[in-house]
Amino acid sequence: MWDDAFPSFLIGLREGLEAGLIVSVLVATLVRAGARSRLPQVWTGVLAAISLALSFGAVLTFTAASLSATAQEAFGGALSVVAVGFVTAMVFWMRRSARTFSGEIREKVTGALGMGAGMLIVTSFLAVGREGLETALFLWTTARAAGESAGPLAGAGVGLVLAAGLCWGLYRRVLHINLTKFFTATGAVLILIAAGVLGYGLRDLQEGGVLPGGTSYAVDLGGSIDAGSWYATLAQGVLNLTPTMTWLQVVAYVGYLAVVMTLFLRGARPRVADPAPQPQTKPGAPVPGRRRPTWVVPVAVVAGPAVLAGLAVALGDSPAAAAQTVAVSETDCGNGFTAPKPGRQTFQMHNTGDKTAEVYLVDPATDAVYGEVEGLAPGTTRALVATVAGGMYAWRCVPSSGKAVTSRAVRVSGSGGTTAVVPVSAHDLAAPLASYRAYVDRGLATLVTQTHRLSADITARHLGAARTDWLTAHRTYASLGAAYGTFQDYDQKINGRPDGLPDGVHDKDFTGFHRIEYGLWHGQSAKDLSGPARQLAADAAGLRKAFPTQDFDPGDLPLRTHEILENTLQFELTGDTDQGSGTGLATADANLTGTRELLTVLRPLLTSRAPHLLPTVDADIARLQKLLDAAHHGDRWTPVDRLDATARARLNGATGQLLEDLAPVPDLLEIRKSA
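Now for a quick tour of the structure. (Residues numbered from 1 in each chain as written. Predicted model: local features only at pLDDT ≥ 70, side-chain atom pairs only at ≥ 80, totals over all residues. Heavy atoms only, no water.)

Remarks on the overall build of the protein chain
Part 1 of the reasoning: Helix and strand counts for the protein chain stand at 21 helices and 12 strands.
Part 2 of the reasoning: Buried positions account for 48% of the 675 residues belonging to the protein chain.
Part 3 of the reasoning: Nonlocal contacts in the protein chain, meaning residues at least 24 apart in sequence, comprise 77% of its contacts between residues at least 6 apart.
Part 4 of the reasoning: With the model as given, the accessible surface of the protein chain reaches about 31700 Å², and the carbon-plus-sulfur share is 59%. (Helix = DSSP H or I, 4+ residues; strand = E, 2+ residues; numbered from the N terminus. Buried < 20%, exposed > 50% of the residue type's maximum accessible area, 1.4 Å probe, protein only. Contact = heavy atoms within 4.5 Å. Areas by Shrake-Rupley, 256 points an atom, 1.4 Å probe, with all protein chains shown as cover.)

Below is the structure:
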């Protein structure tokens, strides 16, 4: 989480220290002038500024949430660019003003003392409010870049707490910090971070359709860099540098950094402050006029920003304010649903029936799905968020037992263009499933032949040939990975690992390929291995006989497109399954073959639903295949633990990218019950 937290920590520390110094100087000036009775006015202005900053952050959050996905990208990108402008101005101002900082604040307080309580509140409010607004905007952009991570909030909190501690120490004269050096050093780091935010913001504007060049990549290191490595995560979290960047991002990043950093580091030395004038009026003099309760002004100025923010959110049709409550049941499906406004909407789905149900927002003409909630228990309510455009919409309620019901349809005025998922039925997957079952059946027939040959090698004490035939048979089994959930107990017998067994590799229940692998590559005799080899051949024959009668859920096919390589990344590419043969990459290659076969049988369904997905996935597969081929030398494979750091990072990165691009497949081809 630290990589996401660091930018927010730094901005929280800097801005918190800046605002804290302002408050410290305000308080110190009043104390030295003998005007302690005016301190509540300072704290009132400070609290009002904090309220304004929090309210501004709430408006940003709720305003963005009410927009469509494309509009959110454009909105967030525009604010990221604005935030970069604010931060750039802030670092230059603080570098220039660090030495004259306290003098300027004292001068403002001196003037305010002679103008009554209201002016002192306004002075502290304006002095702290600017820092609060800058902080809220920059933290919002960094949090948005980090997605759902809690890092930005945690980092900002730590930075603000540390800043408060430093300011208290400075006020008590416990600490002595060279503010000029501090703001220069942190300013340079913030310029680096701001360059990344600028690139991120421009990318959002490209994805939102505001700027061109969204597919013109200057850098594409997805196959060379492991996106999950610590250095890639750190670079993306702190500097917003990603393995893939467009030309506009790169030019803006380099240009901003070259110009702004050069000007910042070459800045002129700040001037020494002129002596601050002393107060000319008697501090604490009462302000004439009718007395009012002491709590009225503080409450008004603190509550004011929150009230205005609430009005802005309400008038902006925030999801919380505009959410409809829609009934879900066999008898009440869709009750409470009225035509919403176009844009991103939140619906509160309430199950009024006595059965757990699924509910879908659909186009009644095509059954295309715009949003869904699964497993909605009786009497419970959950939010469904969907982007609505012009067209017809209805609700489909699917109880756990019983008939699916479709509500009346409503028309939404406006232009179309909202993305929806065309539903898939069990019937649609019947042909791909039949093709894949035939592929598995052929593979099992081959596996039976190969395991018998392996057993014969070991019985004849031809252990060299047994090692070669072991790998051939194991690769055949690995290429059938999409059926492993169907093989029931046979999978554990044929391909089980020693993990969790009481005696590990020496346990009597450790059987199958990995048991034989351990013996072949750890010097066990043919006599020790002949029993496990015969058992493997028998289990392979038993699986082939049982497979035609085993239940193969058609919904497993889309899931396995992602899960096979997910397991590959977790086990084979880490060497976790290796029992001495060093052939993890050979197994990974077989897993890729199995994934390719799955995509072949599912290609017609995917092409009609996501025409741009398969070309991307095909390119990913070709890149990963090339990297695996580079580790294959005749009948030998480079062991995972002997790969150099670069080759390993490229393999992990290419597999991770393929997994990311395959992630939509299960949702695209999920079986959904229709009316």
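What about the packing of helix α17 (residues 556-570) against helix α18 (residues 584-609)?
Two quantities define a packed helix pair, namely the angle between the helix axes and the distance between the axes.
Part 1 of the reasoning: Packing of α17 against α18 brings their axes to within 9 Å, and their N-to-C directions diverge by 165°. Taken together, the axes of α17 and α18 are roughly antiparallel relative to one another. Once α17 is placed against α18, the crossing between them reads as left-handed. Counted together, Leu557, Pro558, Arg560, Thr561, Ile564, Leu565 and Thr568 of α17 and Ala588, Asn591, Leu592, Thr595, Leu598, Leu599 and Leu602 of α18 form the full contact between these two elements.
Part 2 of the reasoning: Across the contact of α17 with α18, the residue classes tally to 9 nonpolar, 4 polar and 1 charged. (Axes fitted to C-alpha atoms, helices over the stretch in contact; angles between N-to-C directions. Parallel < 35°, antiparallel > 145°, perpendicular 65-115°, else oblique. Left-handed = near helix turned anticlockwise from the far one by under 90°. Nonpolar A, V, L, I, M, F, W, Y, C, P; charged D, E, K, R; others polar.)

Some thoughts on the sheet that holds strand β7 (residues 381-388)
Part 1 of the reasoning: The strand order across the open sheet formed by 3 strands is β3-β4-β7, and the pairing between neighbours is mixed. Where the open sheet ends on each side, the last strands, each with one partner, are β3 (324-328) and β7. When the angles between neighbouring strand axes are averaged without regard to direction, this sheet yields 35°.
Part 2 of the reasoning: Across 5 bridges, β3 lies against strand β4 (residues 343-351) in parallel orientation. Looking across to β4, one finds that Ala327 is bridged to His350. (Pairing = 2+ DSSP bridges.)

Quick word on the side chain of Ser329
Part 1 of the reasoning: Structurally, Ser329 is set in the loop between β3 and β4.
Part 2 of the reasoning: On the basis of relative accessibility, which here comes to 8%, the residue Ser329 falls in the buried class.
Part 3 of the reasoning: Within the structure, Ser329 has its side chain in polar contact with the backbone nitrogen of Asp332 (distance 2.8 Å).
Part 4 of the reasoning: A distance of 3.3 Å separates the side chain of Ser329 from the side chain of Thr352, its partner in a polar contact.
Part 5 of the reasoning: With residues near it in sequence (within four places) discarded, Ser329 still touches Thr352, Gly353 and Cys397. (Polar contact = N/O pair within 3.5 Å; in protein donor to acceptor, adjacent residues only side chain to side chain.)

As for the nonpolar core
Part 1 of the reasoning: Membership of the largest hydrophobic core comes to 66 residues, with the highest contact counts inside it found for Ile458, Leu585 and Leu606.
Part 2 of the reasoning: If one sorts the elements of this core by residue count, α18 sits on top with 10 residues.
Part 3 of the reasoning: Among residues more than four places away in sequence, those in contact with Leu585 are Leu573, Leu628, Ala631, Trp637, Thr638, Val640, Leu643 and Leu651. (Core = buried A, V, L, I, M, F, W, Y, C linked by side-chain atoms within 4.5 Å.)

A short note on the packing of aromatic side chains
For any pair of aromatic rings, the description consists of the separation of the ring centres together with the inter-plane angle of the planes.
Part 1 of the reasoning: Counting across every chain of the model gives 11 aromatic pairs.
Part 2 of the reasoning: Considering the side-chain rings of Phe337 and Phe347, the 6.0 Å spacing of their centres and the 75° angle between planes classify their relative orientation as edge-to-face. Highlighted residues: Phe337 in the loop between β3 and β4 and Phe347 in strand β4, separated in sequence by 10 residues. No difference in accessibility class separates Phe337 from Phe347, as the two residues are buried. (Phe/Tyr/Trp six-rings, centres within 6.5 Å; stacked < 30°, edge-to-face > 60°.)

Details of empty space enclosed by the protein
Part 1 of the reasoning: Tallied over the full model, the rule gives 3 cavities of 30 Å³ or more.
Part 2 of the reasoning: Considering only enclosed or pocket space, the largest cavity measures out at about 60 Å³ in volume.
Part 3 of the reasoning: As for the largest cavity, its lining consists of Trp470, His474, His514, Glu517, Glu572, Thr577, Asp578, Ser581, Thr583, Gly584 and Thr587.
Part 4 of the reasoning: Residue assignment for the lining of the largest cavity shows that the elements contributing at least two residues are α13 (463-478), α15 (513-520) and α18.
Part 5 of the reasoning: The residue inventory of the lining of the largest cavity, partitioned by class, reads 1 nonpolar, 7 polar and 3 charged. (1 Å grid on protein atoms, 1.4 Å probe; cavity = no way out; pocket = protein on both sides within 12 Å on 5 of 7 lines; lining within 4 Å. Points joined across faces, edges and corners; volume = space filled by probe spheres on them.)

Points about the side chain of Arg515
Part 1 of the reasoning: Inspection of the secondary structure puts Arg515 in helix α15.
Part 2 of the reasoning: No salt bridge forms around the buried Arg515; measuring N to O, its nearest opposite-charge neighbour Asp528 is 6.5 Å away.
Part 3 of the reasoning: A polar contact is formed between the side chain of Arg515 and the side chain of Gln524, at a distance of 3.0 Å.
Part 4 of the reasoning: Non-local contacts of Arg515, meaning those with residues more than four positions away in its chain, are made with Val505, Phe510, Gln524, Asp528, Leu529 and Pro532. (Lys, Arg positive; Asp, Glu negative; His and termini not counted. Salt bridge = Lys/Arg side-chain N within 4 Å of Asp/Glu carboxyl O.)

Quick word on α13
Part 1 of the reasoning: When the terminal C-alpha atoms of α13 are compared, their 22 Å separation across 16 residues agrees well with the 22 Å that a helix rising 1.5 Å per residue should span.
Part 2 of the reasoning: By the burial criterion, the buried members of α13 are Leu463, Ala466, Asp469, Trp470, Leu471, Ala473, His474, Thr476, Tyr477 and Ala478.
Part 3 of the reasoning: Where the residues of α13 are buried, they touch α12 (430-459), α14 (489-495), α15, α16 (526-546), α18 and β12 (636-637). (Expected span 1.5 Å × (residues − 1).)

A short note on a nonpolar patch on the surface
Part 1 of the reasoning: Among the surface-exposed residues, Leu47, Ile50 and Leu54 lie close enough to one another that they form a single nonpolar patch of about 300 Å² accessible area.
Part 2 of the reasoning: Here Leu54 shows up in helix α2 (residues 39-65).
Part 3 of the reasoning: Take Leu54: its relative accessible area is 62%, and that puts it in the exposed class. (Patch = residues over 30% accessible without salt bridge, like charges linked within 9 Å, V, L, I, M, F, W, Y side chains within 5 Å.)

Digging into the packing of α18 against helix α19 (residues 613-630)
Part 1 of the reasoning: Contact geometry of α18 with α19 gives a least axis separation of 11 Å together with a crossing angle of 165°. In terms of orientation, α18 lies roughly antiparallel with respect to α19. α18 and α19 meet at a crossing whose hand is left-handed. Contact residues: Leu585, Ala588, Asp589, Leu592, Arg596, Leu599, Arg603, Leu606 and Thr607 in α18; Leu613, Leu614, Val617, Asp618, Ile621, Leu624, Gln625, Leu628 and Asp629 in α19.
Part 2 of the reasoning: Class assignment for the residues of the contact of α18 with α19 results in 11 nonpolar, 2 polar and 5 charged.

In short, geometric facts, not functional conclusions.
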